[in-house]
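# Geometric and topological summary
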Amino acid sequence: MKTMSFAGAIEDALMKAMSEDPRIVVFGEDVHSIRMNLFAKFGEMRVRSTPISESAFLGAAVTASMAGLRPVVELLMIDFVAVGVDALVNHAAKLEGFSGGRWKAPMVVRASCGGGYGDGGQHEQSLWGWLAQIPGLKVVVPSNPADAGGLMLSAIQDEGPVIYLEHKLLADYWIDGLADGGRTNLDYDIPEAGARGEVPRTWEPIPIGEAKVLRDGNDLTMVSVGVSVHRCLEAATQLAEHGVQAGVIDLRSIAPLDTDAVCRAVERTGRLLVVDEDYKHFSLSGELAAVVMEAGITAQFARVCVEDTIPFDRRREAEALPNVARILEAASGLRA
Amino acid sequence: MQPSAEVLYRQMYKSRRFEEAVTELWNDGHISAEMHLSKGEEAIVAGVVDHVTDGDALALEHRGTAPLVMRGVDLALLIKEFMGLEDGLCRGMGGHMHLFSPEHLAASSGIVGASGPAACGFAFAAQHLRPGKVAVAFFGEGAMNQGMLMESMNLASAWSLPVIFVCKDNGMAITTPSNEVTGGDLLKRARGLGAHAISLDGTDVNEVWRAAREAFVRAREGGGPTFLHATCVHPDGHLLGDPLLRIVRKPVRELKSRVAPLMKAATTGGSSLSEKAASLGSIVDMLGRASKADRQGASDPVEQQRPQLSISDAQRADLEREVDAEVQDAVAAALRSKEARG
């Protein structure tokens, strides 16, 4: 058995891909320090630090990919996509359509996402629903090392733009760099199975848009992504102790969305509980409710999401993010 | 070596005639919505594009017609695209603001300032895959107040990217005089971001050509980006049917529906009388300026090149007839295609 950390798996898969394909380049903020190993291995031309200038380097990534490179462009935090979102929304996403299918932008935008370490609402957002809403953008969110490596490979191989989001509670270097800063006296609710786990002997791409059923259950279907998947699994274990069999689906990809996997499960259970660290309104959770209704499935529905600006104060932050207690409460509302 | 005067003249004349044909199609309702033409900037485009060779890239804005015409993109494909036909350059999906030609590494965008980052990406790819090749960004002076363009100048300097930033300055940011909304000096601004910068008369194709040559040589040799600041006039304003030009050209018709609400707004409530008077004064000024510019006429870059020609009038007439026929054929092909579509 081979195990890796979440961050290690991404780096390992990326390193393998870069060794095999000289068109892959990494650029973005601070990549010489946060991707030190890649920099040491591939040098300045392939691992290049940019100015703090999201509009310029995200826009440049689009045309660099159009002209033959395979950029993996680093944003540090997905919150900062707001600064340069034009490149994604109006350019990368539109290219294939506007060019009548003649030109594509094979680029990966890599960024950290999510909260749970007390950094406040401008540095802890998820924003995947916001981005997934734009036709032409793919959005993936791995929840464990095996998926992290496999999805990175498929993101690089994809012929269009893919936004690859890594949750900060899963990738240890983010917590080390942003939260601990050398201290050892702080705690975070890090899901162990997400931060370290089994990985395949050799990396194979995981098709984008395929959800994974992590737990079967006939009473209730929980659908989630990222760190919240682990909160769901914990809640499902507790529910089982009370005789409720809850299934858990890890979407892994927000766009495209594996609607079949969700509908198959909800058809059986008649109960859908979406646990989403992204915002509640006009969102992934709302989309999933619509998907189930459009499929003609009659089901009870509940959701546990972030509803407002994420508080800085860690106690209030913990209440704002999806947690096991909130999931159990929402699930109990569905049982009747 | 500088090409003959005829070569540059033919390029400018072709673009002009093509855009005149497009204007007619637009007037006849064959083309929907906005239409931004390059009329008035032909010398800038011709003087720059003459240096472009295969493997060089073009990052274009909403006025991408002239660069693509001069790069040799099929005229009928362009017109069909403007008309939204399935056999257009981009299968009718993009329209005139979103023109793409992968074979020419040419990509347009309708977002003001976006050609800056786009040129950086093309140039970055050139550094890796096509050493010695360059990327050109075309944009207006209105785009100089966009963050992404300023950021891209910095990035191009920091990374020594082979980018040529071509600013076509007609003095108007859509309908707002640029000097009213621009701080400082554009040349100094570009220099402050690390680019070589030069100012030139954008109606003189020969001056543009010479300045562009230096910029291309520098970029190809790894000397980093150049900012070419070229002045010009847009005789048709920002777009066909420019609202200010419509008022000054047909004041009676255009003002009929505007005067009453304007007067009502200016005489009831709101801010103080003196502030409202000042606003009205500004509106009158704005129209006065537009009218004056319109009456003065442009220093036309195409006309300006004629005395430079070394060919006889008869030879020039032949050249023009040849181009006219090419344009007419393209229009006819597009109209046939539209008719066949039903």
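In the block above lies the structure referred to throughout.
Predicted, not measured: the structure shown is a model, and the values here were computed from it.

Here is what the cut-offs are and how they apply
Residues numbered from 1 in each chain as written. Chains lettered and ligands numbered in written order. Predicted model: local features only at pLDDT ≥ 70, side-chain atom pairs only at ≥ 80, totals over all residues. Heavy atoms only, no water. Helix = DSSP H or I, 4+ residues; strand = E, 2+ residues; numbered from the N terminus. Rg over C-alpha atoms; globule rule 2.2 N^0.38 Å. Buried < 20%, exposed > 50% of the residue type's maximum accessible area, 1.4 Å probe, protein only. Contact = heavy atoms within 4.5 Å. Areas by Shrake-Rupley, 256 points an atom, 1.4 Å probe, with all protein chains shown as cover. Lys, Arg positive; Asp, Glu negative; His and termini not counted. Charge placed at Lys NZ, Arg CZ, Asp CG, Glu CD. Axes fitted to C-alpha atoms, helices over the stretch in contact; angles between N-to-C directions. Parallel < 35°, antiparallel > 145°, perpendicular 65-115°, else oblique. Left-handed = near helix turned anticlockwise from the far one by under 90°. Phe/Tyr/Trp six-rings, centres within 6.5 Å; stacked < 30°, edge-to-face > 60°. Expected span 1.5 Å × (residues − 1). Arc of directions from axis to C-beta. Buried area = accessible area lost by both parts, 1.4 Å probe. Salt bridge = Lys/Arg side-chain N within 4 Å of Asp/Glu carboxyl O. 1 Å grid on protein atoms, 1.4 Å probe; cavity = no way out; pocket = protein on both sides within 12 Å on 5 of 7 lines; lining within 4 Å. Points joined across faces, edges and corners; volume = space filled by probe spheres on them. Nonpolar A, V, L, I, M, F, W, Y, C, P; charged D, E, K, R; others polar. Pairing = 2+ DSSP bridges.

### Let's talk about the overall build of chain B
A count of helical and extended segments in chain B gives 13 helices and nine strands. Taken over C-alpha atoms, the radius of gyration comes to 21 Å for chain B, in line with the 20 Å a tight globule of 342 residues would show. In terms of overall dimensions, chain B has a C-alpha envelope of 65 × 50 × 40 Å along the principal axes. Expressed as a percentage of its 342 residues, the buried residues of chain B come to 52%. Residue pairs at least 24 apart in sequence account for 75% of intrachain contacts in chain B once pairs closer than 6 positions are excluded. Taken as a whole, chain B presents about 14,600 Å² of accessible surface, with 52% of it coming from carbon and sulfur. For chain B, the centre of its 36 positive side-chain charges and the centre of its 43 negative side-chain charges are spaced 4 Å apart.

### Digging into the packing of helix α1 (residues 5-27) of chain B against helix α2 (residues 42-49) of chain B
All names here are of chain B. Direction vectors running N to C along α1 and α2 enclose 130°, while the axes themselves pass 9 Å from each other. Considering the angle they form, α1 stands oblique to α2. Both α1 and α2 take part in a crossing whose hand is right-handed. Within the contact between the two elements, α1 uses L8, Q11, M12, S15 and R16 and α2 uses E42, A43 and A46.

### What about the packing of aromatic side chains?
Within this structure, the stated rule accounts for nine aromatic pairs over all chains. Aromatic ring contacts, followed pair by pair, group F27(A), F124(B) and W159(B) into a single cluster.

### Some details on helix α13 (residues 313-341) of chain B
All names here are of chain B. For α13, spanning 29 residues, the distance from its first C-alpha to its last is 42 Å, which sits close to the expected 42 Å at 1.5 Å a residue. Within the sequence span of α13, burial applies to L319, E320, V323, D324, V327, A330, V331, A333, A334 and S337. As for α13, its buried residues are in contact with α1 and α4 (75-82). Phi for G342, located one or two positions after α13, is positive at around 80°.

### Quick look at helix α12 (residues 284-294) of chain A
Residues and elements named next belong to chain A. Buried within α12 are the following residues: L284, S285, L288, A289, V291 and V292. Along the long axis of α12, the arc covered by the buried residues comes to 160°, so they all point the same way. Seen from the buried face of α12, the exposed residues on the opposite side, beyond 90 degrees, are M293 and E294. In this structure, the buried residues of α12 make contact with α6 (128-132), β10 (220-224), β12 (253-255), α11 (259-269), β13 (271-279) and β14 (300-306). Residue G296 follows α12 closely and has a positive phi angle near 80°.

### Regarding the interface of chain A and chain B
By convention, interface size is frequently given as the accessible area that disappears when the constituent parts associate. Each partner contributes to the interface: chain A provides 31 residues, whereas chain B provides 33 residues. Summed over both sides, the interface of chain A with chain B buries roughly 2,700 Å², with 69% coming from carbon and sulfur. The interface formed by chain A and chain B includes one salt bridge. Among the ionic pairs, E103(B) bridges to R102(A), the shortest N-O distance being 2.8 Å.

### Some details on empty space enclosed by the protein
Residues and elements named next belong to chain B. Enumeration over the complete set of coordinates arrives at one cavity of 30 Å³ or more. Roughly 50 Å³ of volume is contained in the largest cavity. Contributing to the lining of the largest cavity are M35, H36, L37, K39, R63, H234, D236, G237, H238, L239 and L240. Taken together, the residues of the lining of the largest cavity break down into four nonpolar, four polar and three charged.

### Examining the sheet that holds strand β5 (residues 163-169) of chain B
Residue and element names in this part refer to chain B. A sheet is described by the order of its strands in space; here seven strands give the open sequence β2-β3-β1-β4-β5-β9-β8, paired in mixed fashion. Only two strands of the sheet have a single neighbouring strand rather than two, namely β2 (100-101) and β8 (196-201). Here β5 runs beside strand β9 (residues 226-231); their pairing, made up of six bridges, is parallel. Residue V166 lies in a different strand from β9, and its bridge partner there is L228.

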